[in-house]
Structures are given as structure tokens and as C-alpha cells.
Amino acid sequence: MTEASRGVYYIQGQDEFIPDSHVYVIGIPGSGDLSIVDAGLMGKGKYKVGAIRKLGIDLADIKRMIMTHTHLDHIGCLREIMEEVPHAELWIHEAEAEPVEQGDERGVYGMEMFRTMCMSQYNLKPGAFKFDVTKKLQGGETLEIGGMSWEVLHIPGHSAGSIALYQRESRVLIPGDTVYADYAIGRFDLHGADGTELSRSLMRLAELDVDVLLPGHNRIVKGVKPGYIRDTAEQWAPYLQ
Ligand SMILES: [Zn+2]
Ligand SMILES: [Zn+2]
């Protein structure tokens, strides 16, 4: 657990044979208005909550969970974390909020073969990822939360309701699984994914000034070089037609 930037804490995922997403806690300490961004893989809730407590954060200050998207490696331990912060709201982009509310888990598992494998491996029942969503994000909002200002961008492509959170002042970008370090991008073959949209979303992110890149997996990057996202988008463009 480290402070990745002022008001942004990083809890590294603990990958197994399926990756576990990183968690970010955003908000100025002392604001009493903190948000957890993404949850992680099944069984990782205890680790994530423990790491948050170790930071000295009072769980009563966690006001909401915000999901960058609802793939299994991000939503898997959402219920485990919500049990520890039952007062917290749940914010998801509307394109994934509606399936989540209806218990439509095609977008969670991404593909049928993966669903069958995970349900047996983790003993998951249908409806395991059915939640009431407090706030359905649309993209374009500026969230004034935790004494900070975060812009929400709807960046479909990796999944239908992927969002990025951007803090303009400190040039911090939390892009979910859309773009990673080392010129990597999210996969675009799962349910709800679309290569053309992913390409367009990468170009939108490329317009932002980013110093700190905080993706859903792999390493985080401080001191991102100018044009990094544009270079990544351009390298991948031929494969995203
Ligand atoms: Zn994903
Ligand atoms: Zn992921």
C-alpha cells in the first residue's frame, strides 16, 4: 500500500491463475469522504480491507465503491468488501449497472467457457454478482468527492461500461483495463467489447495530460512520458479495426 499521488492510495492486486485487480482509495485523508475504486478477485476482500485499515483509514469514511467496469477480476470480491462497508454506495456506468442489477452476468464472466470454469472453481452461484447500484454514471460528470475533483470518462471498448477517472490538477488517470504500462491495452474479445470503440477511447485518453497512470493491473507509472497514450493507441490501431 502506497500513496501513488496526493489523495490516491494504491493496493496492489494479488494475482492467482486469474488476475486480481488493483484497488485505489481516493480522497483527501481527513475529508471523511473516501471512495474505493474497484474491488478485485473472489477471496481477496479480506486482504483489500486489511490493507485499507493498515493505512489508518476508518472504514466509516468509505462512502462509496466506484467500479471502472464489472469484469470478474474487479467485481469478484465486491460483496466481501461491501459487507465491511455496508453503508457505502455503489457507482457503476449505466451500461454495466443495468445488467448487474438484473443479474445478467455475461459481462462479468466475459465468455461462456470462462463462466463455466470460474463457477466450478470458485463455487459461484448464479446471481453472485447481482447488486443494487446507487448511482449510474454516464460519463462527462465531474465528481466533487473527498476534497478532490474527478472527471468521469466513458471509454467503452474493453467492456461496454468502462470508465476512466481523471484528476486534472495532479494529472492522475485511473483507466481501468483500457490502457496499461508498457504499451499494453485491455483485451477486446469479451462480451460487450469492441475493438473500434477501444481505439476511439484510447484516442480520447490520449488527449489528457497524464503524469500518473494507475491501471487495473500490472505496474503503475509515475512520470508518464508525454504522448505515451497516443503512442500506445497508434501502435494498436491496426489491430482494432
Ligand atoms: Zn477488464
Ligand atoms: Zn481486469
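Values in this document were obtained by computation on a predicted structure and should not be read as measured data.

### What to know about the layout of surface pockets
By rolling a water-sized probe across the atoms, one finds the places where empty space is left. A volume near 340 Å³ is recorded for the largest pocket. Along the wall of the largest pocket there are 17 residues; nearest its centre are Pro-19, Asp-73, Phe-114, Arg-187 and Leu-190. When the residues that make up the lining of the largest pocket are grouped by side-chain class, the tally is ten nonpolar, four polar and three charged.

### A closer look at the nonpolar core
Core analysis: the largest hydrophobic core is formed by 40 residues, its most contacted members being Val-25, Ile-62, Met-65, Leu-78, Leu-90 and Phe-129. Among residues more than four places away in sequence, those in contact with Phe-129 are Met-42, Leu-72, Ile-75, Gly-76, Arg-79, Val-100, Glu-105, Val-108, Tyr-109 and Leu-124.

### Remarks on the coordination of the zinc ion (ligand 1)
Protein coordination of the zinc ion (ligand 1) is provided by His-69 (NE2), His-71 (ND1), His-158 (NE2) and Asp-177 (OD), with donor distances spanning 2.1 to 2.4 Å. Each of the four donor atoms around the zinc ion (ligand 1) contributes to a set of angles spanning 91 to 168 degrees, which defines the coordination as irregular. Binding-site remark: the zinc ion (ligand 1) is held by donors from one chain whose sequence spacing is H-x1-H-x86-H-x18-D. Here Asp-177 falls in the buried class, since its relative accessible area comes to 3%.

### Re the pairing of strand S3 (residues 23-26)
The two faces of S3 match: Val-23 and Val-25 on one face and Tyr-24 and Ile-26 on the other face are all buried. As paired elements, S3 and strand S4 (residues 34-37) share three bridges and run antiparallel to each other. Its bridge partner lying in S4, Ile-26 is registered against Ser-35.

Conventions used here
- Residues numbered from 1 in each chain as written.
- Chains lettered and ligands numbered in written order.
- Predicted model: local features only at pLDDT ≥ 70, side-chain atom pairs only at ≥ 80, totals over all residues.
- Heavy atoms only, no water.
- 1 Å grid on protein atoms, 1.4 Å probe; cavity = no way out; pocket = protein on both sides within 12 Å on 5 of 7 lines; lining within 4 Å.
- Points joined across faces, edges and corners; volume = space filled by probe spheres on them.
- Nonpolar A, V, L, I, M, F, W, Y, C, P; charged D, E, K, R; others polar.
- Core = buried A, V, L, I, M, F, W, Y, C linked by side-chain atoms within 4.5 Å.
- Buried < 20%, exposed > 50% of the residue type's maximum accessible area, 1.4 Å probe, protein only.
- Contact = heavy atoms within 4.5 Å.
- Donors = N, O, S within 2.8 Å, 3.2 Å for Na, K, Ca; no water.
- Tetrahedral: all angles 85-135°; square planar, octahedral: opposite > 155°, others 65-115°.
- Helix = DSSP H or I, 4+ residues; strand = E, 2+ residues; numbered from the N terminus.
- Pairing = 2+ DSSP bridges.

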